[in-house]
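For reference, the chains in residue letters:
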Amino acid sequence: MATDAPPPSKEQHKLPSPEEFTEVQQSAEFGELRRSHRSFAFPLTVAFIAWYLLYVLLSNYAGGFMGTKLFGNINVAFVLGVAQFVTTFLIAWWYSRHAAAKLDPKAEAIKSRMEGGA
Amino acid sequence: MSPVQQTVLAANEASEHRPLIITLFALFVLATLGITVWAGRQTKDAADFYAGGRQFSAFQNGLAVSGDYMSAASFLGIAGAIAIFGYDGFLYSIGFLVAWLVALLLVAEPLRNSGRYTMGDVLAYRMRQRPVRTAAGTSTIVVSIFYLLAQMAGAGVLVSLLLGITSDAGKILIVALVGVLMIVYVSIGGMKGTTWVQMVKAVLLIGGTLLITFLVLLKFDFNISDLLGTAAENSGKGAAFLEPGLQYGATGTSKLDFISLGIALVLGTAGLPHILIRFYTVPDAKAARKSVNWAIGIIGGFYLMTIALGFGAAALISQEEIIASNPSGNTAAPLLALHLGGVDSTWGAILLATISAVAFATILAVVAGLTLASSSSFAHDIYANVIRKGKASGAEEVRAARWATVFIGIVSIGLGALARDLNVAGLVALAFAVAASANLPTILYSLFWKRFTTQGALWSIYGGLIVAVGLVLFSPVVSGDPKAMFPEADFAWFPLKNPGIISIPFGFLMGWLGTVLSKEEPDTKKYAELEVRSLTGTGAH
């Protein structure tokens, strides 16, 4: 063990060796973190892009439906457009809740162990 | 009255109050220069210059991200597109916002964890450094210059409206002034100064937009249905104004253009280098996530208000006046301010001056952000890692970045004169298409695909870049259309104005093809490092 420890600094983490990284990458704990991220983020990304494309396609090819007046001068197109805003806010909130509950604790546990219990 | 006379009239209305406009604008310039000098004194090392010292809070960065993102395209371009084409203009607002989810879910946190100063840091992480850094730097600079072009076009139209400068020499002078200011902001203040300028600008823009929205809604007793109805009637297009199709519904080709635009908008944001480097200004990935959330809130609120700006302009101003002032509607928002206060009244002039100063602040700040992104990428990716092979000191890098700033400033002044009559939002959409074609596929493959190789990265960056830029070159944006950059020439064999529908899938395809055809094995050790680091923040700077 080196005894001439440098003064603690926020930029001076102990950087793990390539072997340690490979070992962690293949560990069950990291596999679970990866799965928690991907199984949430990937399907949700596909879903919101599909929902957005549906909106674009409806605008293009379903003009009659989009022009249907719902109340006053507010039509379906307007409501669907505003709905895109609402779903964006909701998804951002939902992901952040998921990340705080499921991703952050796992990520922090791995990080502090790898950086030597900092 | 001829359109030309009306333009001159609008300019005259404004020019009576020229001292006021110039005073407001000078105040903003002085305040931001003060911030820049202050930030410059605090900029001591490369991390300060490139990443603002990484100590901004999530809220501060969220505000700065919003400032960087809500460009002249959003404020002038979208308001104008809605004022002329009604509902079709609103697609920009929706696409620009939904796009943030890609950044939030897939890009912001891993990028913060694994990069240091530039987008190239992440793309080259597990690849051969020199070729991938060169590619990343090239694409950063190309995307940023496209985006700069749009901002410069916005500056040109604003000035001709406000100061009554209609001569080309006068406009070029103003564009040059913007260029010089941005060189000063970036080369002296670095990321720290630029971030503060973005925050000030975001507050001004949101404040100005809230004011106009409030005044518009007040006129209609807060009845949105009334506002829309009056807009439809006054536009002379009736109910069609509130339905999709006015701009893009005419033919099969234009419908395809709409889809192309839609895809480019939603996939572009997470590939914009000047947005991505903002995530390095906060301490960690969690703060990066929070800053995206703040940005989504602020930007979403702003885009909702574009409804009031755009339809408000359509309801209160005649189509002839909007189009006469600028054929693409870029001046609809300032004109709306004038009409809300009352044409020929002092209050109207004050509102016009305020909103114009806000628009100018918007342009200046975004231009500074773009210049910073391209000069950091030049200095860090190309100069330090390719030319000097990683042996340049931090001080040498920063010096190179400052010189690059001067050079990019001069280039964008030169280009700014070319793109005056194009809709600013349309121009920015091109930058989005290039970013989504060249950068996004490479970022996603790099982060999430184990087998991805150097050849794959090069093919996706260059493939996406060349096809996107090439298709724009041969599109009606550049030639063969009265509103094109070169209206007299016609070499537009590609019918769509936005290349996204072809170039984005092509970028993804090339990344995959380059990888499966590569002879070299992927560097699995480096990928292990990148993957662990990107998800956990281990060893992050």
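Because the structure is predicted, anything quoted here is derived from the model rather than measured.

**Regarding the overall build of chain A**
Turning to step 1, where the next piece is worked out: Along chain A, the regular secondary structure elements total 4 helices and 2 strands.
Turning to step 2, where the next piece is worked out: Starting at the N terminus, the α and β elements of chain A follow one another as α-α-α-β-β-α.
Turning to step 3, where the next piece is worked out: In chain A, of all internal contacts separated by at least 6 residues, the share reaching a separation of at least 24 is 62%.

**Brief notes about the packing of helix 19 (residues 424-448) of chain B against helix 20 (residues 454-473) of chain B**
Residue and element names in this part refer to chain B.
Turning to step 1, where the next piece is worked out: Close contact between helix 19 and helix 20 brings their axes to 9 Å; oriented N to C, the two are set at 170 degrees. The angle between helix 19 and helix 20 places the two elements in the roughly antiparallel class. Between helix 19, through Leu430, Ala433, Val434, Ser437, Ala438, Pro441, Thr442, Tyr445 and Ser446, and helix 20, the contact on the second element is made entirely by Gly456, Ala457, Ser460, Ile461, Gly464, Leu465, Val467, Ala468, Val469 and Val472.
Turning to step 2, where the next piece is worked out: Among the residues making up the contact of helix 19 with helix 20, the classes are represented as 13 nonpolar, 6 polar and no charged.

**Digging into the interface of chain A and chain B**
Turning to step 1, where the next piece is worked out: Of the residues lining the interface, 48 residues belong to chain A; the matching set on chain B comes to 42 residues.
Turning to step 2, where the next piece is worked out: Of all the elements in the fold, those that place two or more residues in the side of chain A that touches chain B are helix 1 (18-25), helix 2 (28-61), helix 3 (63-66), strand 2 (74-75) and helix 4 (76-114) of chain A.
Turning to step 3, where the next piece is worked out: In terms of residue count, the dominant contributor to the side of chain A that touches chain B is helix 4 of chain A (17 residues).
Turning to step 4, where the next piece is worked out: Taken together, the residues of the side of chain A that touches chain B break down into 27 nonpolar, 16 polar and 5 charged.

**Comments concerning helix 10 (residues 168-219) of chain B**
All names here are of chain B.
Turning to step 1, where the next piece is worked out: The first and last C-alpha atoms of helix 10 sit only 38 Å apart over 52 residues, clearly below the 76 Å expected at 1.5 Å per residue.
Turning to step 2, where the next piece is worked out: Remark: the principal bend of helix 10, roughly 120 degrees, maps to Gly190.
Turning to step 3, where the next piece is worked out: A positive phi of about 50 degrees marks Asp221, the residue just after helix 10.

**Regarding the packing of helix 14 (residues 285-316) of chain B against helix 16 (residues 332-341) of chain B**
All names here are of chain B.
Turning to step 1, where the next piece is worked out: Axis separation between helix 14 and helix 16 bottoms out at 9 Å; the angle between their running directions is 60 degrees. Taken together, the axis directions place helix 14 and helix 16 in an arrangement best described as oblique. Where helix 14 crosses over helix 16, the handedness of that crossing is left-handed. Each of Leu309, Gly312, Ala313 and Leu316 in helix 14 lies in contact with helix 16, whose residues at this interface are Ala332, Ala333, Leu335, Leu336 and His339.
Turning to step 2, where the next piece is worked out: The residue inventory of the contact of helix 14 with helix 16, partitioned by class, reads 7 nonpolar, 2 polar and no charged.

**Here we look at unusual backbone geometry**
Turning to step 1, where the next piece is worked out: Backbone geometry at Arg54(B) places phi at a positive 60 degrees, although glycine is not the residue there.
Turning to step 2, where the next piece is worked out: Given 21 C-beta atoms within a 10 Å radius, Arg54(B) is considered buried.

**A look at helix 16 of chain B**
All names here are of chain B.
Turning to step 1, where the next piece is worked out: Where burial is concerned, most of helix 16 is hidden: 10 out of the 10 residues are buried.
Turning to step 2, where the next piece is worked out: Considered for burial, the residues of helix 16 that qualify are Ala332, Ala333, Pro334, Leu335, Leu336, Ala337, Leu338, His339, Leu340 and Gly341.
Turning to step 3, where the next piece is worked out: One or two residues past the end of helix 16 sits Gly342, with phi positive at roughly 110 degrees.

**Let's talk about the environment of Leu304(B)**
Residues and elements named next belong to chain B.
Turning to step 1, where the next piece is worked out: In this structure, Leu304 sits in helix 14.
Turning to step 2, where the next piece is worked out: For Leu304, a count of 16 C-beta atoms within 10 Å gives the class partly exposed.
Turning to step 3, where the next piece is worked out: Along the sequence, Leu304 and Phe508 sit 204 residues apart, while their C-alpha atoms lie 32 Å from each other.

**Describing the confidence of the model for chain B**
Any residue range with low pLDDT should be treated as having predicted coordinates unsuitable for detailed reading.
All names here are of chain B.
Turning to step 1, where the next piece is worked out: Per-residue confidence for chain B gives a mean pLDDT of 90; residues scoring 70 or more make up 96%.
Turning to step 2, where the next piece is worked out: Per-element averaging of pLDDT across chain B places helix 1 (residues 3-15) at the bottom with 49 and helix 21 (residues 500-516) at the top with 98.
Turning to step 3, where the next piece is worked out: Long-range and interchain partners of residues 1-9, a stretch whose pLDDT sits below 50, account for 7 contacts in this model, where long-range means more than four residues apart.
Turning to step 4, where the next piece is worked out: Predicted complex, confidence summary: ipTM 0.91, pTM 0.92.

**Concerning the nonpolar core**
Taken as a class, soluble globular proteins show a tendency for nonpolar side chains to be buried jointly.
All names here are of chain B.
Turning to step 1, where the next piece is worked out: Ranked by size, the top nonpolar core spans 232 residues in total, and within it Ala313, Ala333, Leu336 and Val434 carry the most contacts.
Turning to step 2, where the next piece is worked out: Looking at this core element by element, the count peaks at 24 residues for helix 17 (residues 346-387).
Turning to step 3, where the next piece is worked out: Those residues in contact with Leu336, other than ones at most four positions away along the chain, are Ile212, Leu309, Gly312, Ala313, Leu316 and Ile317.

Scoring rules and cut-offs
Residues numbered from 1 in each chain as written. Chains lettered and ligands numbered in written order. Predicted model: local features only at pLDDT ≥ 70, side-chain atom pairs only at ≥ 80, totals over all residues. Helix = DSSP H or I, 4+ residues; strand = E, 2+ residues; numbered from the N terminus. Contact = placed C-beta atoms within 7 Å. Axes fitted to C-alpha atoms, helices over the stretch in contact; angles between N-to-C directions. Parallel < 35°, antiparallel > 145°, perpendicular 65-115°, else oblique. Nonpolar A, V, L, I, M, F, W, Y, C, P; charged D, E, K, R; others polar. Expected span 1.5 Å × (residues − 1). Bend = angle between axes of the 7 residues up to and from the residue. Left-handed = near helix turned anticlockwise from the far one by under 90°. Buried ≥ 20, exposed ≤ 12 C-beta atoms within 10 Å, placed from the backbone. pLDDT = per-residue confidence, 0-100. Core = buried A, V, L, I, M, F, W, Y, C linked by C-beta atoms within 7 Å.

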